[in-house]
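Architecture and fold: a report
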Amino acid sequence: NVAFDWTPDDITRNYSQITAGLHYRGLIPRRRKDTVAVGLVYSRTSGVLNQALSQAGLLRYGTEKALEVNYSLQVTRWFTFQPVFQYYFDTGANPLSRNNTVAGFRTTFVL
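The structure contained in this document is the topic of the report that follows. Just so you know, these numbers come straight off a predicted model, no measurement behind them.

1. Description of the pairing of strand S5 (residues 79-89)
Alignment of strand S4 (residues 63-74) against S5, held across eight bridges, turns out to be antiparallel. Of the residues in S5, the one forming a bridge with asparagine 70 is valine 84. Hairpin connection, S4 to S5: the antiparallel pair is bridged by four residues. Pairing geometry for S5 and strand S6 (residues 100-109), over 10 bridges, is antiparallel.

Spelled out as structure tokens, the structure:
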């Protein structure tokens, strides 16, 4: 999957974003319903906002990038467990911010 979002840069702070993702079912033999997925996001900051920040003597924003990897494990017919790992580069497009990691999981119960 690939998507491109755009809004005029005088309207919003994040005026363009590219997202891409890939998922593959059946990576492990005999686990045909399991899915591994990878996603990338690239968000670009408005040039109008950066120009206004520069004129005010403030630091310009950059871009935020994110990477996600997850694996959906079909434990039983009614229970799915999905660990997720996300890594953000230049969080919030702020050049002074550190990179951040998010880890968690999601479960699904179908009765």
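2. Some thoughts on the packing of aromatic side chains
Under the criterion given, the structure shown has five aromatic pairs. On the basis of an interplanar angle of 45 degrees and a centroid distance of 6.1 Å, the ring pair of tryptophan 78 and phenylalanine 79 is categorised as tilted. Taking relative accessible area as the criterion, tryptophan 78 reaches 43% and is therefore assigned partly exposed. A centroid spacing of 5.4 Å and a plane angle of 35 degrees characterise the contact between phenylalanine 81 and phenylalanine 105, whose relative ring orientation is tilted. Remark: phenylalanine 105 occurs in strand S6 and phenylalanine 81 occurs in strand S5; sequence separation between them is 24 residues. Judged by its relative accessible area of 29%, phenylalanine 81 falls in the partly exposed class. Judged by its relative accessible area of 58%, phenylalanine 105 falls in the exposed class.

3. Here we look at the side chain of glutamine 86
Of note, glutamine 86 is situated in strand S5. Here glutamate 68 takes part through its side chain, which lies 2.9 Å from a polar atom of the side chain of glutamine 86. A polar contact of 3.3 Å, which involves the side chain of glutamine 86, links it to the side chain of tyrosine 88. Sequence-distant contacts of glutamine 86, defined by excluding residues within four places in its chain, comprise Leu67, Glu68, Asn100, Thr101 and Val102.

Rules used throughout
Residues numbered from 1 in each chain as written. Predicted model: local features only at pLDDT ≥ 70, side-chain atom pairs only at ≥ 80, totals over all residues. Heavy atoms only, no water. Pairing = 2+ DSSP bridges. Helix = DSSP H or I, 4+ residues; strand = E, 2+ residues; numbered from the N terminus. Phe/Tyr/Trp six-rings, centres within 6.5 Å; stacked < 30°, edge-to-face > 60°. Buried < 20%, exposed > 50% of the residue type's maximum accessible area, 1.4 Å probe, protein only. Polar contact = N/O pair within 3.5 Å; in protein donor to acceptor, adjacent residues only side chain to side chain. Contact = heavy atoms within 4.5 Å.

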